[in-house]
Amino acid sequence: KNQVEQSPQSLIILEGKNCTLQCNYTVSPFSNLRWYKQDTGRGPVSLTIMTFSENTKSNGRYTATLDADTKQSSLHITASQLSDSASYICVVRISGGYNKLIFGAGTRLAVHP
Amino acid sequence: GAGVSQTPSNKVTEKGKYVELRCDPISGHTALYWYRQSLGQGPEFLIYFQGTGAADDSGLPNDRFFAVRPEGSVSTLKIQRTERGDSAVYLCASSLMRGGTEAFFGQGTRLTVV
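What counts and how
Residues numbered from 1 in each chain as written. Chains lettered and ligands numbered in written order. Predicted model: local features only at pLDDT ≥ 70, side-chain atom pairs only at ≥ 80, totals over all residues. Heavy atoms only, no water. Helix = DSSP H or I, 4+ residues; strand = E, 2+ residues; numbered from the N terminus. Rg over C-alpha atoms; globule rule 2.2 N^0.38 Å. Contact = heavy atoms within 4.5 Å. Areas by Shrake-Rupley, 256 points an atom, 1.4 Å probe, with all protein chains shown as cover. Lys, Arg positive; Asp, Glu negative; His and termini not counted. Charge placed at Lys NZ, Arg CZ, Asp CG, Glu CD. Disulfide = S-S within 2.5 Å. Phe/Tyr/Trp six-rings, centres within 6.5 Å; stacked < 30°, edge-to-face > 60°. Buried area = accessible area lost by both parts, 1.4 Å probe. Salt bridge = Lys/Arg side-chain N within 4 Å of Asp/Glu carboxyl O. Polar contact = N/O pair within 3.5 Å; in protein donor to acceptor, adjacent residues only side chain to side chain. Buried < 20%, exposed > 50% of the residue type's maximum accessible area, 1.4 Å probe, protein only. Pairing = 2+ DSSP bridges.

S.K.: Can you break down the overall build of chain A residue by residue, with the values?
M.R.: Looking only at helices and strands, one finds zero helices and eleven strands in chain A. Taking 113 residues into account, the globule formula puts the C-alpha radius of gyration at 13 Å, and chain A, at 14 Å, falls close to it. On the principal axes, the C-alpha backbone points of chain A span a range of 45 × 30 × 20 Å. Taking all contacts inside chain A whose residues are at least 6 apart in sequence as the whole, residues at least 24 apart take part in 55%. Put simply, chain A shows about 5,400 Å² of open surface, and 48% of that area lies on carbon and sulfur atoms. Computed over 11 positive and 7 negative side-chain charges, the inter-centroid distance for chain A is 7 Å.

S.K.: Could you give an account of the state of the cysteines, naming the residues involved and the relevant values?
M.R.: Here a disulfide denotes one covalent bond, and it connects the sulfur atoms of two cysteines. By the definition in use, this model includes two disulfides over all chains. One disulfide in the model links Cys 23 of chain B with Cys 92 of chain B; its S-S distance is 1.9 Å. When the S-S torsion is -65°, as for the bridge of Cys 23 of chain B with Cys 92 of chain B, the disulfide is left-handed. Pair noted here: Cys 23 of chain B is in strand β3 (residues 19–24) and Cys 92 of chain B is in strand β9 (residues 88–95), with a separation of 69 residues, a long-range link. Note on Cys 19 of chain A: no disulfide assigned, nearest cysteine sulfur contributed by Cys 90 of chain A at a separation of 15 Å.

S.K.: So what's going on with the packing of aromatic side chains? Residues and values would help.
M.R.: Describing an aromatic ring pair means giving the distance of the ring centres and the angle of the ring planes. What the rule picks out here adds up to nine aromatic pairs over all chains. For the ring pair Tyr 25 of chain A and Phe 30 of chain A, a centre distance of 5.1 Å and an interplane angle of 20° mean the geometry is stacked. Within the aromatic cluster, the residues linked to one another by ring pairs are Tyr 36 and Phe 103 of chain A together with Tyr 35, Phe 45 and Phe 105 of chain B.

S.K.: For the interface of chain B and chain A, give the residues involved together with the corresponding values.
M.R.: When the parts of a complex come together, some accessible area is lost, and that lost area is often used as the size of the interface. Residue-level contacts link 22 residues of chain B with 21 residues of chain A. Here chain B and chain A share an interface that buries about 1,600 Å² over both sides, 50% of which is from carbon and sulfur atoms. Here chain B is connected to chain A by one salt bridge. Applying the counting rule to chain B against chain A returns two residue pairs in polar contact (both at pLDDT 80 or more). Of all the elements in the fold, those that place two or more residues in the side of chain B that touches chain A are β4 (31–37), β5 (44–50) and β9 of chain B. In terms of residue count, β4 of chain B provides more of the side of chain B that touches chain A than any other element does, three residues in total.

S.K.: Account for unusual backbone geometry, naming residues and giving values.
M.R.: All names here are of chain A. Across the junction of Ser 7 and Pro 8, the peptide omega takes the value -10°, indicating a cis bond. Summarising the element assignment, Pro 8 is placed in the loop between β1 (4–7) and β2 (10–14). Of note, the amide linkage connecting Ser 28 to Pro 29 takes the cis form, showing an omega dihedral of -5°. Mapped onto the elements, Pro 29 comes out in the loop between β3 (19–25) and β4 (30–38). Within the chain, Lys 71 stands out as a residue other than glycine whose phi angle is a positive 60°.

S.K.: Give me the pairing of strand β8 (residues 75–79) of chain B: which residues, what numbers.
M.R.: Residues and elements named next belong to chain B. Here β8 lies mainly inside the structure; four of its five residues are buried. With five bridges connecting them, β3 and β8 associate as antiparallel partners. Paired with Leu 21 across the strands is Leu 77, a residue of β8. With four bridges connecting them, strand β7 (residues 65–68) and β8 associate as antiparallel partners. Its bridge partner being in β8, Phe 66 is matched across the sheet by Lys 78.

Here is the structure:
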């Protein structure tokens, strides 16, 4: 069964600290993996995309990694800001024909001053 | 439009009633998706349209749910005989083409069945 599992389920950190969110997937065949940020009451917005051949990709203070062998990805947030408080969702696309996406349940991050 | 637009943003309905949720995708996007997101969960796939046709409706939970996209642009998700368990945020997304491109999401419609 195609599944995406994320950990931790929720996380509280202090402003300025770093954190790492984890994503494990069993989706096959794999096409790509995206990390989305979802603010409360809003739709998800893509942060970064990882393809099979990519190991690390950065987008500002966000750095995503992908290990296609172990089917694991991580999202590292550096120097967190209050505006980083949101749900972070790992989404894997199934290869072959169309853009079917498998979503993780997300990690709810709260950044406190 | 500039982004994916969903209306209404909130809908409260009585159990047993019929509801329609509307999605206006980004202009020119041929692919359109509906997802359902329950509280504390990630979005769950419902149905995918490529143009006017439903290419994959395997996520629709039962025959009370139906979606159309008659002109290949606006889509309507229809729910008959609503149940309290249908309460969720219904997200719509669109993308340019079949594979590999980013899906852009609307803000969702929060459906509450009382």
